[in-house]
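# Descriptive analysis of the structure
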Amino acid sequence: MNVLYFAWVRERIGLPREEVDSTAETVSELVDELVAREERYAAAFADRSALRVAIDQELRDFDAPLAGAREVAFFPPMTGG
Amino acid sequence: MNVLYFAWVRERIGLPREEVDSTAETVSELVDELVAREERYAAAFADRSALRVAIDQELRDFDAPLAGAREVAFFPPMTGG
Amino acid sequence: MRILVQEAPFDLGAESARFAAGHTDIGAVVTFTGVVRDSDEAPLQVMEIEHYPGMTERSLTEIAQEAQTRWSLGDVLVIHRYGALKPGEMIMMVATAARHRKDAFEAAEFLMDYLKSRAPFWKCEVTAAGTDWVPAKEEDEDALNRW
Amino acid sequence: MRILVQEAPFDLGAESARFAAGHTDIGAVVTFTGVVRDSDEAPLQVMEIEHYPGMTERSLTEIAQEAQTRWSLGDVLVIHRYGALKPGEMIMMVATAARHRKDAFEAAEFLMDYLKSRAPFWKCEVTAAGTDWVPAKEEDEDALNRW
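Presented here is a report on the structure given in the accompanying data block.

Cut-offs used in this document
- Residues numbered from 1 in each chain as written.
- Chains lettered and ligands numbered in written order.
- Predicted model: local features only at pLDDT ≥ 70, side-chain atom pairs only at ≥ 80, totals over all residues.
- Heavy atoms only, no water.
- Helix = DSSP H or I, 4+ residues; strand = E, 2+ residues; numbered from the N terminus.
- Rg over C-alpha atoms; globule rule 2.2 N^0.38 Å.
- Buried < 20%, exposed > 50% of the residue type's maximum accessible area, 1.4 Å probe, protein only.
- Areas by Shrake-Rupley, 256 points an atom, 1.4 Å probe, with all protein chains shown as cover.
- Lys, Arg positive; Asp, Glu negative; His and termini not counted.
- Charge placed at Lys NZ, Arg CZ, Asp CG, Glu CD.
- Contact = heavy atoms within 4.5 Å.
- Buried area = accessible area lost by both parts, 1.4 Å probe.
- Salt bridge = Lys/Arg side-chain N within 4 Å of Asp/Glu carboxyl O.
- Polar contact = N/O pair within 3.5 Å; in protein donor to acceptor, adjacent residues only side chain to side chain.
- Core = buried A, V, L, I, M, F, W, Y, C linked by side-chain atoms within 4.5 Å.
- Nonpolar A, V, L, I, M, F, W, Y, C, P; charged D, E, K, R; others polar.
- Pairing = 2+ DSSP bridges.
- Axes fitted to C-alpha atoms, helices over the stretch in contact; angles between N-to-C directions.
- Least-squares fit on C-alpha atoms with pLDDT ≥ 70 in both.

### Quick word on the overall build of chain A
The helix and strand tally for chain A stands at 3 helices and 5 strands. Whereas a compact globule of 81 residues would reach a radius of gyration of roughly 12 Å, chain A reaches 12 Å, a difference of no more than 12%. Overall size of chain A, expressed as C-alpha extent along the three principal axes, is 30 × 30 × 20 Å. Across the 81 residues that make up chain A, the buried fraction comes to 51%. Surface summary for chain A: the accessible area is close to 3900 Å², and the carbon and sulfur share equals 45%. Taking the 9 positively charged and 16 negatively charged side chains of chain A as two groups, their mean positions are separated by 5 Å.

### Focus: the interface of chain D and chain C
A common measure of how large an interface is: the accessible area buried when the components associate. Every contact between the two is made by 37 residues of chain D and, on the other side, 37 residues of chain C. Buried area between chain D and chain C, both sides added, is near 3000 Å², and the carbon and sulfur share of it is 55%. Contact with chain C buries area across many residues of chain D, yet Arg37(D), Arg101(D) and Phe105(D) alone supply 24% of it, more than any other trio. Inspection of the chain D/chain C interface yields 4 salt bridges. For Arg101(C), the salt bridge goes to Asp140(D), with nearest N and O atoms at 3.0 Å. Counting across the chain D and chain C interface gives 13 residue pairs in polar contact (both at pLDDT 80 or more). Of all elements in the fold, only helix 1 (12–20), strand 2 (28–35), helix 3 (101–118) and helix 4 (138–143) of chain D reach the threshold of two or more residues within the side of chain D that touches chain C.

### Quick notes on the nonpolar core
Ranked by size, the top nonpolar core spans 66 residues in total, and within it Val94(C) and Val94(D) carry the most contacts. Not counting residues within four places of it along the chain, the set of residues in contact with Val94(C) comprises Val30(C), Thr31(C), Phe32(C), Leu77(C), Val78(C), Ala108(C), Leu111(C), Met112(C) and Leu115(C).

### Focus on the interface of chain B and chain C
Each partner contributes residues to the interface: chain B has 21 residues there, and chain C has 25 residues. In this assembly, chain B packs against chain C so that about 1900 Å² is buried in total across both faces, 55% of it on carbon and sulfur atoms. Counting across the interface, chain B meets chain C through 2 salt bridges. At the junction of chain B with chain C, the criterion picks out 13 residue pairs in polar contact (both at pLDDT 80 or more). Those elements that provide at least two residues to the side of chain B that touches chain C are strand 1 (2–5), helix 1 (7–13), strand 4 (58–60) and strand 5 (71–75) of chain B. Among the elements that line the side of chain B that touches chain C, the one with the most residues is helix 1 of chain B, at 4 residues. Grouping the constituent residues of the side of chain B that touches chain C by class yields 12 nonpolar, 4 polar and 5 charged.

### So, the sheet that holds strand 8 (residues 130–133) of chain C
All names here are of chain C. One open sheet accounts for 4 strands, arranged 5-3-7-8; its pairing is antiparallel. The sheet is open, and its two edges are formed by strand 5 (83–85) and strand 8, each paired on a single side. Taking each pair of neighbouring strands and ignoring which way they run, the sheet shows an average axis angle of 25°. Pairing geometry for strand 3 (residues 44–51) and strand 7 (residues 121–127), over 7 bridges, is antiparallel. What sits directly across from Met47, in strand 7, is Glu125.

### Points about the sheet that holds strand 3 (residues 44–51) of chain D
All names here are of chain D. In space, the 4 strands of this open sheet follow the order 5-3-7-8, with antiparallel pairing throughout. Every other strand in the sheet has two partners, leaving strand 5 (83–85) and strand 8 (130–133) as the edge strands with one partner each. Across this sheet, the average inter-strand angle for adjacent strands is 25°, counted without regard to direction. Here 3 bridges tie strand 3 to strand 5, and the two strands are oriented antiparallel to one another. By the bridge assignment for strand 5, Glu48 is matched with Ala84.

### Some remarks on the relation of the copies chain D and chain C
Here chain D sits on chain C after a turn of 180° about the axis and a move of 0.0 Å along it, with an RMSD of 0.0 Å. The transformation relating the two chain copies, once decomposed into turn and shift, fits a two-fold axis. Using C-alpha coordinates, one finds that chain D approaches the rotation axis most closely at Gly13(D), a distance of 1.7 Å. The share of interface residues of chain D whose copies in chain C are also at the interface is 100%, consistent with both copies meeting through the same surface.

### Quick look at the environment of Gly14(B)
Residue and element names in this part refer to chain B. Relative to the elements of secondary structure, Gly14 occurs in the loop between helix 1 and strand 2 (17–19). With a relative accessible area of 62%, Gly14 lands in the exposed category. Spatially, the C-alpha atom of Gly14 lies 21 Å from that of Ser28, the residues being 14 residues apart in sequence.

Here it is as structure tokens:
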């Protein structure tokens, strides 16, 4: 699936998007996999309560299932307006 | 003193302003004098609760004193905006 | 602060752009524009707006000054027309500028609530059926109680 | 309903005038404009606004539709920019049109409250001291609870 990063999450991980092969069933499991990979992911996901997640462009919780998801995005709380 | 009328008060009395010689001490006494004059004043002032009064361009009550007043205006509740 | 009472139309676009331009210490601009709406019953031919020259300017200035006392505002604009207006024409506008949106919104609503019931304007609707002075609404008087 | 997400500046005057023009069934138009404010600490060189193309348009459309469900509105406009903006530049605007002022004001405040915390934009302040991602404010999240 396509994984996107925005704002300081993007900066810490060092790229705006990547294709990830994963068997994670939830967002949390996907984050666990990423964190186990490299230090920069661990830095980005250190405090999950400071992050928001969208599945296929809809805001969801970290325990949301990933079945059928094509696009998962991680970012800090939004500051529009 | 100068007495001004606006909106339907003006229409009922038939003029927008007039010079009135009066010894009335309050707005209410001035209205009593006007009402005693002619039917058109009685019609305009029939329901004083439906009217507002300004003395020298400041909203006041009907029991406000007239001492020193140069301009008294009568009108229905305002509908600005 | 800028208060205008005039018979001529105003240019909402130009006024809004001029009001919002060139500030770097404000983050929020709110405008309210009142438009002549067609009557609920008969088609409206004209809305006649009468006012009390002198007292109008004075009361609008007082209301704007009160808003500046109550909220932290960078600027305030009030424009109100009088005379004969057609449906769809703009009657008036207020604009507020502030650092934060809450101040700009609240001040604009305050201006509108006071202007409705405390500025000496009276509206008369002219339809084929005749002329009708628009009555003041109790809810407009009630709206003042929240400030 | 009109939703625009763009890098280019918009013309507040022209947009406001176009939005308010030609209605005879609405009496109230409210606009809110967000302006890049100078930083509280160091002078701001540039405000970088990042967004999530696709989700941005979708969420703005959902927020505007929700406003139209909750209030009786004649029209809604949302414009939001992204990219590099200088102090004093306009970031975004919303406009609402309604028969009555209460609906127009409330809907505009609702749009702003949701747009602040639910539309995928992120602001980064660039000063001589470096770059800082603007943190979300707790009061902005709390503001959603009133709706």
